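Examination of the molecular architecture
Now for the letters of each chain:
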Amino acid sequence: MAEQKLALPKDFFIGSALSGPQTEGEWNKGGKLENLWDTWSMENLDDFYNRVGSYGGNDFMAKYKEDLVLMKELGLDNYRTSIQWSRLLDENGNLNPEGAAWYHELFRASAKAGLDVFVNLYHFDMPTYLFRRGGWESREVVEAYAHYTDVAFREFGSEIKYWFTFNEPIVEPEQRYQEGVWYPKLHDYGRARTVQYHISLAHSLGVANFRAAQAEGAVRADAKIGMINCFTPTYTKENPSEADLEAVRMTSGINNRWWLDLITKGALPQDVLDSLKEGGVRLPVRAGDAEILAQGVVDWLGCNYYHPTRVQAPASKVDQYGLPHFADEYVWPDAVMNESRGWEIYPEGLYDFGMDCAKNYPELEWFVSENGIGIMDEYKNRDEQGRVIDPYRVDFVRSHLEAVSRAIADGAKCRGYHYWGLIDNWSWSNAFKNRYGFVEVDLMDGYKRRPKQSAEWLTKVATSHVIE
Ligand code: BG6
C-alpha cells in the first residue's frame, strides 16, 4: 500500500524569508549610510568568501519586480524582508526620503504582485556611526533603535500587517562579541551578555512603540508585532550526568528560554540571570529596566530552525579570560551533517521545539520563519538544459515540513513556513559560497535568476499543502 502523504492545514501559509542587507545592493546609493557589513568589507575584503563583500546583495533593488512575480509564480503568497536602518534614517535620526520611497515602492509592488510582506526591523545590520558610539553596548544606541522603530511604524503603519523587531537577536552577541567570527571579532562572554541584554531592552521599547502607534491609529488595527529568533533545541548525551544537564540548562537558557520568556512573560529567566551573576557576569541593569522588559510581550513568534545544539559538561568552568564557560560541544556520533555549512540536519528538532512551546508557552502562536539548506559548488550539478539539480533541497524541506505537520497534529500552534532564501542571496562572510535558493542567481551573468529543479516540487507543495 502506498504510504500516506502528510498534509498541512489549509490556512497554513508558505512563503520565503530574505533580508535587506543580503539582497538589496546599492549599499551607498539613495542616501544609504554604511553599516558594519559595508565597513568590514572595506576594511578587509579577504574575510569574505571569494572577496565578495556586502555591496551587491543579489541585486534585488534592480530586480525586485521580476523577483516578486517569480515568488508568486512559484506558489508563494507572502515573504519577509527587512528595512535597513542605515537606509531609512540619516545620522541625525531623520527620515531619508529616498530610503523611505524605496520601501514604499517595494511594498506597493508586492501588494500588486499579490504578496503580503512581513517586515523585520533589524537583521544584524548595525549602522556604523552607531557602532562607533558603542553599538549594542550603549544605551544611547538602544534609544536610537527605539526611535527608528517609531519612525518605521508610523511611516509604513498603514501598509504593513506583520512586523518584527529583530531577526535572531542571539546571533550578534555570539558572532561579534563572543565567538570572534564577525567584525569586530571579540572574545568576551561578558560583553556578549551586555549586548544581549541591551537588545532585549531595545526589542521591548520597539514593542511599546508599536502598541502606542497602533493605539493612535498610525498602525493598522489588524497588525501584529513579533520577534524572530533562531531556536536550537538543546540535547546532550544518552545517560547524562547532572553536570551535562546543567550544561543543557544554561545553553538553552541563553539561546532559547531568554527570548521565549521575554516575549511571553516580559521578563528574563531568573535561573539564567542567577547563574550569570554567580559566574561573575555583570549585566548593566538600571532602575526601571524591569518595566521596560515587561512591555516586550509579542503577538506571535518566528522560529528560524536550521540545526540543534548538542552540549555536555564543560571541561573547564572558566574561559581564557576568567569568564564563565557553561558547556562544551558534544559531538553526537549519529549526526547527519550538511558538510557545506557544518550544520547538523535534524528535522526532529523542529518537532521538539513545537512540543516545548505547546508545553511551556501554550498560548504562543508561531511560524517557521527560516529553514533551508545551503550547498557549496551547486553550479556543478546541472541537467542538459543547464538547470541545477538539487534533490537534497527537496529532501531537506520535506523532512522539516513533515516534522511540522506532526507537531501541529500533536498540538503545536505553528501557523506557517518561510524557506530561507527562495532566490540565492549573499550570506554574510560566506558571501555566495553556500547556495540556499530554489532559484539560482548566476553571478557570471548579471545576477540572472534561474529556477532549480527543486522549484517544481516547492510549487506543488505550496499550492496543494500536501507534502509530496
Ligand atoms: C540565519 C540568518 O541565521 O541563517 C540569515 O537569519 C542567514 O541571515 C541564514 O543567511 C543562513 O545562514 P548563513 O550563515 O549560511 O547565511
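Here, every reference points to the structure presented above.
A short tour of the structure in this document, coming up. Predicted model only: the values in this text are computed from it and were never measured.

As for the sheet that holds strand β3 (residues 116–120)
Ordered by their spatial adjacency, 8 strands build a closed barrel running β1-β2-β3-β4-β5-β7-β12-β14, and the pairing between neighbours is parallel. Each neighbouring strand pair of the sheet contributes to a mean axis angle of 30°, computed without reference to strand direction. With 5 bridges joining them, strand β1 (residues 13–17) and strand β14 (residues 414–420) adopt parallel strand pairing. Counterpart to A17 in the pairing with β14 is W420. Contacts from helix α9 (residues 189–215) reach β4 (162–167) and β5 (224–230) within the one sheet, and its direction differs from that of β4 by about 165°.

Topic: the site of the ligand
The full set close to the ligand counts 14 residues, and Q22, E168, R341, S427 and Y436 are the nearest of them. In this structure, an oxygen atom belonging to the ligand sits 2.5 Å away from a side-chain N or O atom of Y436. Considering the ligand on its own, with 370 Å² of exposed area, one finds that the protein chains cover 93% of that surface. Tallied by class, the residues present in the shell around the ligand amount to 6 nonpolar, 5 polar and 3 charged.

Details of unusual backbone geometry
In this structure, P184 follows Y183 across a cis peptide bond, with omega equal to 5°. Positionally, P184 belongs in the loop between α8 (171–178) and α9. Its identity is not glycine, yet F124 carries a phi of approximately 60°, on the positive side. In this structure, F124 sits in the loop between β3 and α6 (128–131).

Thresholds applied
Here the residue numbers are simple positions, counted from 1 along each chain's written sequence. The predicted origin of the model limits local features to residues at a pLDDT of at least 70 and limits the giving and counting of side-chain atom pairs to 80 or more, whereas totals for whole chains, interfaces and linings rest on all residues. Only hydrogens and water are removed before side-chain values are computed, so all heavy atoms of the structure are retained for them. Any two strands between which DSSP finds at least two bridges are classified as paired. Labels follow the DSSP assignment, with helices taken as runs of H or I lasting at least four residues and strands as runs of E lasting at least two, numbered in each case from the N terminus. The axes are straight lines fitted to the C-alpha atoms, using for helices just the contacting stretch, and the angles between their N-to-C directions are given from 0 to 180°. Throughout, a residue-residue contact means that at least one pair of heavy atoms, one from each residue, lies within 4.5 Å. Summary of the distance rule: residues count as near a molecule or strand when at least one heavy atom falls within 4 Å of that molecule or strand. By the criterion applied in these results, polar contacts are pairs of N or O atoms within 3.5 Å in which, for protein atoms, one can donate a hydrogen and the other can accept it, and in which residues neighboring in sequence qualify only through two side-chain atoms. For the area figures, the Shrake-Rupley method with a 1.4 Å probe applies, and any residue is considered shielded solely by the protein chains shown. Think of it as three bins: nonpolar holds Ala, Val, Leu, Ile, Met, Phe, Trp, Tyr, Cys and Pro, charged holds Asp, Glu, Lys and Arg, and polar takes everything else, Gly as well.

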